Amino acid sequence: MLALSAEGILPKVDYAIFADTGWEPKAVYDHLDRLEREIATPAGIPILRVSSGNIRDDALDPEHRFASMPLYILNKDGKAGMTRRQCTGEYKIKPIKKQVRKLLGYPYPARVPKGIFVEQWVGISTDEFHRARDADVKYMRNRHPLIADMDWSRADCIRYLTSRGLADTPKSSCLGCPFHGNAQWREIRDNSPEEWEDVVAFDAAIRQGNARANASGNPLLGQAFLHRSRVPLGQAPIDHVTAAEWAARQQDLDSARPDAEELEQSVVDGCSPWACRGSVEPVQDEFGLSA
């Protein structure tokens, strides 16, 4: 959407906002710098970088209230579970709303007057039109230009990015996001050894719950993991590719079956600001990870 706006295909936007969790892959930060340098700045579009903190540091800090990640849980009785997902709201949506209020001139806790609002563009394509929703506050009104103006699928977006020399656009998500598929874990392991060492260390550090929960003496009912196999990340079967997944690789992105891609690319549930794919989230009560 930024490139389309800068090129004049879509109207010029006033600002672009990047919500930084503090734990994105280096490739994402490098790509953001490139977008700012080559596309946004020449078009006169400021990129505002906002943050609620570093999600990795916060998770390991016993003095910090941690908005839990959707970790995979193995209970002592052998049953599987997941923790409640709060990270998207805390580290993506919250700082964006804070910045929007500031731009409007009504920072929290000031009340935004009736009729004062921003039009916020959300990058959902026609493949996922069902994720297009209205904003949950009156001072923001969501618009979905890829659907309403362009009628573009994901494949259309990729073709356009390729034509602009942006075919290598990386996926923005935390390095240690539990919703990574095997392909994403392999990408980190095989191409970024330092980042792989980082996520393996984090996976080990959260095994018994977050630091604040442990410090407060909350009872822990199982073990937490980043990989859905519920084994330590360094030992997880991320090299496993099923026959269905091999077939999915041969298909266009807009026609690949989600169930075939699930282990290879990512789970159906994922997160992005304003449009989380998950509808009903599994909850692991009393595990002590969302204290």
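Residues numbered from 1 in each chain as written. Predicted model: local features only at pLDDT ≥ 70, side-chain atom pairs only at ≥ 80, totals over all residues. Heavy atoms only, no water.

Asker: Even after reading the chapter, I still don't get the environment of Phe129, so can you show me in this structure?
Answerer: Here Phe129 is to be found in the loop between strand 5 (118–121) and strand 6 (140–143). Of the residues examined, Phe129 reaches a relative accessible area of 58% and is grouped as exposed. For the pair formed by Phe129 and Ile147, sequence separation is 18 residues and the distance between their alpha carbons is 7.3 Å. In contact with Phe129, not counting residues within four places along its chain, are Ile124 and Ile147. (Helix = DSSP H or I, 4+ residues; strand = E, 2+ residues; numbered from the N terminus. Buried < 20%, exposed > 50% of the residue type's maximum accessible area, 1.4 Å probe, protein only. Contact = heavy atoms within 4.5 Å.)

Asker: What's the story with the sheet that holds strand 3 (residues 72–75) in this structure? I'm lost.
Answerer: Pairing between the strands of a sheet comes from backbone hydrogen bonds, and it takes one of two forms, parallel or antiparallel. Sheet architecture is open: three strands sit in the order 4-3-7, paired in antiparallel fashion. Of all strands in the sheet, those bounded by a partner on one side alone are strand 4 (80–82) and strand 7 (222–225). Each neighbouring strand pair of the sheet contributes to a mean axis angle of 30°, computed without reference to strand direction. (Pairing = 2+ DSSP bridges. Axes fitted to C-alpha atoms, helices over the stretch in contact; angles between N-to-C directions.)

Asker: Even after reading the chapter, I still don't get helix 8 (residues 193–205), so can you show me in this structure?
Answerer: Every α-helical turn comprises 3.6 residues, leaving residues that sit three or four positions apart pointing alike. Here helix 8 spans 18 Å end to end across 13 residues, near enough to the 18 Å set by a 1.5 Å rise per residue. Along helix 8, the positions that sit buried rather than exposed are Glu195, Trp196, Val199, Phe202 and Asp203. Projected down its long axis, helix 8 carries its buried residues within an arc of 125°, all on one side. Helix 8 presents Pro193, Glu194 and Glu197 as exposed residues on the side facing more than 90 degrees away from its buried surface. As for helix 8, its buried residues are in contact with helix 2 (26–43), helix 3 (55–59), helix 7 (182–191) and strand 7. (Expected span 1.5 Å × (residues − 1). Arc of directions from axis to C-beta.)

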